[in-house]
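Coordinate analysis (summary)
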Amino acid sequence: MDVPADLKELSATLATIESVVDVPTLRSELSALEADASQPDLWDDVENAQRVTSRMSYVQSEIRRVEDLRRRLEDTQTLWDLAEEMNDADSRAEAENELSGLQRAVDELEVRTLLAGEYDAREALMTIRSEAGGVDAADFAEMLLRMYARWAERHNYTIEALDTSYAEEAGIKSATIQVKAPYAYGTLSVEQGTHRLVRISPFDNQGRRQTSFVGVEVLPVVEQSDHVDIPDDDLRVDVYRSSGKGGQGVNTTDSAVRLTHLPTGIVVTCQNERSQIQNRASAMAVLQARLLERRREEQRSALDALKDGSNSWGNQMRSYVLHPYQMVKDLRTEFEVGNPQAVLDGDIDGFIEAGIRWRRSAEATAS
């Protein structure tokens, strides 16, 4: 390890990131947000107040993140210089350790700067659906739902379950969750596509190998500025009793909501809240996101920018092989690991970072 050269290279990379992030502009935005947050009537409009406070927290975090990295880099340079001057092996080892951590942190921040799409900064709506493969596909869908939940836990992101439809024997038919974190959509959009699992089926009494498929859809959360108007005449609203795993009733009232958008045939359900009003609001948010996606599709004659070319992504974008060998491989980026259990436990940052870099490279080539 050439520590001085590595530190110099990291400093140059961080300088580029600092230029892209534009800390002075963020500071100006923070001042304006703090002024808005100090208004006595802020919470008269709850939705706007939440937007202001959420954005303020994010901007503060971004400024702190960049400045902390620069400070750590300077401290590591000082530690290395002192170690060389005093010929101190322990201090050298400490500096090398810190350098490794800095490399990971700068790489992660660099990937964030690649998220410059129109909706990349939004929170995300993820829908996970079992496809071909019967009960194994339903079980795999639940495995992926858990994988994304564990990934969110690793990053201290909040997830809200909007709808879950359980399969009869095991697993889930589908689930829709909202990932409440800045840039969740830009980050997770590279997870969209068809995921493929190969394993010895635990549901086959003859122990045969089974291949199953699960589709993952990722949408940006709609904001007021998106202007997705849905006339009441375009909606059919059905209410029914929520049900949980094994068909047991979640409650004894008709609180679950199914929205059908008549002009397009899009159907959205939500049953995870106790209140019919809450379920309707959540279902409406998902419907608006899907209509926003549809509107963008109609505006483009080329590849769908939201889905990053769903025709090419939709075919087995990632394979999870548990038998006859152990491997998870992304078929777009060629990124692979030999520990499927770690991946299914939420260790997917390597796949996400490779996907974001791959997408940026593909966009640059196309332009």
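The present account deals with the structure reproduced in this document. (Residues numbered from 1 in each chain as written. Predicted model: local features only at pLDDT ≥ 70, side-chain atom pairs only at ≥ 80, totals over all residues. Heavy atoms only, no water.)

Let us look at the pairing of strand 2 (residues 158-166). Where strand 2 meets strand 3 (residues 172-180), eight bridges bridge the pair, whose relative direction is antiparallel. Considered in strand 3, the bridge of Thr164 is made with Ala175. From the end of strand 2 to the start of strand 3, which pair antiparallel, there are five residues, and Gly171 there has a positive phi angle of about 75 degrees. (Pairing = 2+ DSSP bridges. Helix = DSSP H or I, 4+ residues; strand = E, 2+ residues; numbered from the N terminus.)

Before going further, it helps to spend a moment on the nonpolar core. Of all hydrophobic cores here, the largest spans 83 residues; its most connected members are Leu144, Leu287 and Tyr320. With 10 residues, the top contributor of residues to this core is helix 3 (residues 46-86). Apart from residues no more than four positions distant in its own chain, Leu287 is found in contact with Ile230, Leu235, Leu259, His261, Ile266 and Val268. (Core = buried A, V, L, I, M, F, W, Y, C linked by side-chain atoms within 4.5 Å. Buried < 20%, exposed > 50% of the residue type's maximum accessible area, 1.4 Å probe, protein only. Contact = heavy atoms within 4.5 Å.)

Considering all chains together, one arrives at four aromatic pairs under this definition. Between Phe140 and Tyr320, the aromatic rings sit 5.4 Å apart at their centres with planes inclined by 75 degrees, giving edge-to-face as the arrangement. Placement of Phe140 in helix 5 (residues 134-154) and of Tyr320 in strand 9 (residues 318-321) is noted, with a sequence separation of 180 residues between them. Take Phe140: its relative accessible area is 0%, and that puts it in the buried class. Ring geometry for Trp151 against Tyr157: centres 5.5 Å apart, planes inclined by 65 degrees, an arrangement best described as edge-to-face. Note that Arg332 overlies the ring of Trp358, its terminal NZ or CZ placed 5.6 Å from the centroid. (Phe/Tyr/Trp six-rings, centres within 6.5 Å; stacked < 30°, edge-to-face > 60°. Lys NZ or Arg CZ within 6 Å of the ring centre and 35° of its normal.)

This next bit is on the sheet that holds strand 2. Spatially, 2-3-1-5-4-9-10-11 is the arrangement adopted by the eight strands of the open sheet, whose pairing is mixed. Each edge of the open sheet is held by one strand with a lone partner, namely strand 2 and strand 11 (336-337). Relative to the sheet, helix 10 (residues 349-366) contacts strand 9, strand 10 (327-330) and strand 11, its axis offset from that of strand 10 by approximately 15 degrees. (Axes fitted to C-alpha atoms, helices over the stretch in contact; angles between N-to-C directions.)

Scanning all chains against the criterion turns up 25 salt bridges. The salt bridge involving Arg199 is made with Asp139; its shortest N-O contact spans 2.8 Å. In this pair, Arg199 is assigned in strand 4 (residues 193-200) and Asp139 in helix 5, connecting sequence segments 60 residues apart. The residues Arg199 and Asp139 share a single accessibility class, namely buried. Residue Asp330 is joined to Arg318 by a salt bridge in which the shortest nitrogen-to-oxygen separation is 3.6 Å. One end of the pair, Asp330, is in strand 10; the other, Arg318, is in strand 9, and 12 residues separate them in sequence. Arg318 carries the same exposure label as Asp330, and that label is buried. Each member of the salt-bridge network shares a partner with another, and the members are Glu62, Arg65, Glu108 and Arg112. (Salt bridge = Lys/Arg side-chain N within 4 Å of Asp/Glu carboxyl O.)

Right, let's get into the environment of Leu197. As for its position among the elements, Leu197 is in strand 4. When the C-alpha atoms of Leu197 and Arg318 are compared, they prove to be 8.7 Å apart, with 121 residues separating the residues in sequence. When residues no more than four places from it in sequence are discounted, the contact partners of Leu197 are Phe140, Met143, Gln210, Thr211, Ser212, Tyr320 and Leu322.

Before going further, it helps to examine the side chain of His195. Take His195: it is sitting in strand 4. We classify His195 as buried; its relative accessible area is 0%. Among the polar contacts made by the side chain of His195, one reaches the main-chain carbonyl oxygen of Glu191 at a distance of 3.0 Å. Within the structure, the side chain of His195 is placed 2.8 Å from the side chain of Tyr320, a separation counted as a polar contact. (Polar contact = N/O pair within 3.5 Å; in protein donor to acceptor, adjacent residues only side chain to side chain.)

A cluster of like negative charges, contributed by Asp41, Asp44, Asp45 and Glu47, occupies part of the molecular surface. Here Asp45 shows up in the loop between helix 2 (23-37) and helix 3. (Patch = residues over 30% accessible without salt bridge, like charges linked within 9 Å, V, L, I, M, F, W, Y side chains within 5 Å. Areas by Shrake-Rupley, 256 points an atom, 1.4 Å probe, with all protein chains shown as cover. Lys, Arg positive; Asp, Glu negative; His and termini not counted. Charge placed at Lys NZ, Arg CZ, Asp CG, Glu CD.)

Moving on, we come to the environment of Ala366. Examined against the element boundaries, Ala366 turns out to sit in helix 10. In this structure the C-alpha to C-alpha distance between Ala366 and Glu153, which are 213 residues apart in sequence, comes to 35 Å.

Before going further, it helps to examine the pairing of strand 1 (residues 124-130). Among the seven residues in strand 1, five count as buried, and that is most of the element. Pairing of strand 1 with strand 3, which is carried by six bridges, proceeds in the antiparallel orientation. Paired with Ala124 across the strands is Val179, a residue of strand 3. Across seven bridges, strand 1 lies against strand 5 (residues 209-220) in antiparallel orientation. Residue Thr127 lies in a different strand from strand 5, and its bridge partner there is Glu217.

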